[in-house]
Amino acid sequence: GTLPCFQRIAGPFYKGFGTRGDLLFWRDMSYARLDVGGEDEGPGKIGIASNDDPIVLGKLEMQAMQFRNQQIAWQSYFHGHVIGEEDFRFIQEYDQADAAQKKELVKTKGIQCVKTLMAILQCINKELVLQYLLTLIDDILQEDSAHATLFHQYADQSGAPIYGHLLKLMNRHDNYIVYMSSRVVSQLVLHPRHLLTDEDQRWYLHWLVNQLAMPNNEFIHCVASALQRLMRVDAYREGLASVHGIKTLLDVLSSKNTSFQLQYQLIFCLWLMAYNSQVAATIIDMNAIPVLSDILKACGKEKVTRIILASFRNLLQKPVEKTVVHSAGVAMVANKVMTVISVLANKQWEDEDIRDDVLFLQEKLESCLMDLSSFDEYVAEVKSGRLMWSPVHKSDKFWRENAQRLNEKNHEILRILTGLLQDSTQDPIILGVAAHDFGEYVRHYPRGKKVLDSLGGKELIMGLMNHADGQVRYEALVAVQKMMVHNWEYLGKQMRTD
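Residues numbered from 1 in each chain as written. Predicted model: local features only at pLDDT ≥ 70, side-chain atom pairs only at ≥ 80, totals over all residues. Heavy atoms only, no water.

Engineer: Explain the overall build of the chain to me, and be specific about the residues and the numbers.
Structural biologist: A count of helices and strands for the chain gives 29 helices and two strands. Evaluated residue by residue, the chain yields a buried proportion of 52% over its 498 residues. Contacts spanning at least 24 positions in sequence make up 69% of the contacts within the chain whose residues lie at least 6 apart. (Helix = DSSP H or I, 4+ residues; strand = E, 2+ residues; numbered from the N terminus. Buried < 20%, exposed > 50% of the residue type's maximum accessible area, 1.4 Å probe, protein only. Contact = heavy atoms within 4.5 Å.)

In structure tokens, the structure reads:
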């Protein structure tokens, strides 16, 4: 409801609320919607609690506790003319201060504090010093997200991007320096006047995507937290989509080893990205709905359920084109989301957002179901890549009425089926159904064989005639026979014409 009420409930977990935001995040990065008013409020304006959940940070936070207590011999750097007198005196004062005194120094000498930390960060290359300084900088930003303004003011005065040297540090070999630099960057580049340049944005987002895709990355939660922050900014949403970020998010979410916490963080990113209408359309097109549907059916965590429902809502609300929204609705129906929603609707939820989202999805999907054709259902199944022996595949009526429609959108459905056949390690059911559908397509569409030849489908089907699975071999053989029958029928018509 209101801000005072939220502050009373949230207590010490909440810091750094901005009046431009219409959403707030708890310590576990879950969210609550607030009615804060103001002409700037909107889905793209989000405030985040500055403290990250310890579960999210894990190893990085444990190492920070170690480096925070380091004693650096600043006097030797001063006498060696590595750092100037002004910076030396301030860092000495700051080092000797307790937590309350540090807070007061940042409040009264904020620009000097930032200047000293950034100056020393750039002139000393020793790992221990870099680890210590990055920890201090992160502590300042974590203490209050508004402290990022101090770094922005320093950048304005110095005339150089505040994040420039930090990006360079991400090329170091020490993991703590690399990931803490990334974490600091993600907190400093959210202000409209201090966004990453196009070149730096592409490099940073590509780096994050690569780290996310890295097997057994022990800092993966830190990477996900950085993406959560960045996706508050619309330009970064499009940027992440442009470096194959959506595919990587979905690949990690599809892994059986992905924890509930990481599921939550990555779906959170998709939810934020879906506030952009074009990116939302891309998310739908890249088959996010089947992945999210699987997690929704299997998860037992309320916060994961909540963020999936909110994501589904965005995917049905944010795209501009009605055909895209229809495609999203069809995919949800085809992936049995309505069944889950019906179960959720009968539960007593204390969270108003969940209740609202469940009611919204129930209404939208029921409306979609009324307009759903058998071809819509077939397209959704093919696009999901999860073919099964659903009734449409064996229906002569379906193929008589719809075989030619497989040519739509430059043979989009046929191309997807071809892609499924290219992986011989696929589930035998998928291979068998795909081969069967090619056969039915050729049987009911006179020119189908030529199309299949151009797409490479015929060669793939013939290759399946040697598959280890007997049912796959059978479906491939029948499909080839249908192609040959078509040839004979065509030849007979030509002879009668002659």
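Back to the write-up after that little detour.
Engineer: Tell me about the confidence of the model for the chain, and please be specific about residues and values.
Structural biologist: Averaged over the chain, the pLDDT score is 86; the fraction of residues at 70 or greater is 86%. Here residues 1-57 is a poorly scored stretch, pLDDT under 50, and it has 119 contacts once near neighbours within four places are set aside; other chains count. (pLDDT = per-residue confidence, 0-100.)

Engineer: Describe the packing of aromatic side chains, with residues and values.
Structural biologist: Scanning the entire structure with this criterion turns up 17 aromatic pairs. Taken together, a centroid distance of 5.4 Å and an interplanar angle of 70° make the contact between F268 and W271 edge-to-face. Of this pair, F268 and W271 both sit in helix α16 (residues 260-273), separated by three residues, roughly a single helical turn. Put simply, the rings of Y179, Y204, W207 and F219 pair up and form one aromatic cluster. Across from the ring centre of Y264, 4.9 Å away, lies the NZ or CZ of K303, which sits over that ring. Positioned above the aromatic ring of F360 is the side chain of R313, whose terminal nitrogen or guanidinium carbon lies 4.4 Å from the ring centre. (Phe/Tyr/Trp six-rings, centres within 6.5 Å; stacked < 30°, edge-to-face > 60°. Lys NZ or Arg CZ within 6 Å of the ring centre and 35° of its normal.)

Engineer: Describe in detail unusual backbone geometry, supporting the description with residues and values.
Structural biologist: Non-glycine residue K409 carries a positive phi angle of around 55°. Relative to the helices and strands, K409 resides in helix α25 (residues 408-422). Residue K409 is classed as exposed on the basis of its relative accessible area of 65%. Even without being a glycine, N410 presents a positive backbone phi close to 55°. The class of N410 is exposed, set by a relative accessible area of 52%.

Engineer: Can you tell me about α16, naming the residues and giving the values?
Structural biologist: The end-to-end C-alpha distance of α16, which contains 14 residues, comes to 20 Å, matching closely the 20 Å that a straight helix rising 1.5 Å per residue would cover. Taken across its 14 residues, α16 has 13 buried, putting it largely inside the fold. (Expected span 1.5 Å × (residues − 1).)

Engineer: So what about the packing of α16 against helix α19 (residues 302-317)? Which residues, and what values?
Structural biologist: Relative to each other, α16 and α19 sit at 20°, their axes nearing to 9 Å. With respect to α19, the axis of α16 lies roughly parallel. Of the two elements, α16 crosses α19, and the hand of that crossing is left-handed. Only K303, V304, R306, I307, I308, A310, S311 and N314 of α19 make contact with α16, whose side of the interface consists of F260, Q261, Q263, Y264, I267, F268 and W271. Per-class residue counts for the contact of α16 with α19 are nine nonpolar, four polar and two charged. (Axes fitted to C-alpha atoms, helices over the stretch in contact; angles between N-to-C directions. Parallel < 35°, antiparallel > 145°, perpendicular 65-115°, else oblique. Left-handed = near helix turned anticlockwise from the far one by under 90°. Nonpolar A, V, L, I, M, F, W, Y, C, P; charged D, E, K, R; others polar.)

Engineer: Can you explain helix α8 (residues 127-143)? Please cite residues and give values.
Structural biologist: Helix length check: α8 (17 residues) gives 24 Å between terminal C-alpha atoms against 24 Å at 1.5 Å per residue, within 8%. By the criterion of burial, α8 is predominantly enclosed, with 13 of the 17 residues buried.

Engineer: Would you mind going over the environment of A479 in detail, with residue names and values included?
Structural biologist: Mapped onto the secondary structure, A479 falls in helix α29 (residues 470-497). Residue classification places A479 among the buried positions, given a relative accessible area of 1%. Distance from A479 to E440, taken between C-alpha atoms, is 7.5 Å for residues 39 residues apart in sequence. Among all residues touching A479, those that are not within four sequence positions of it are A435, G439 and I461.

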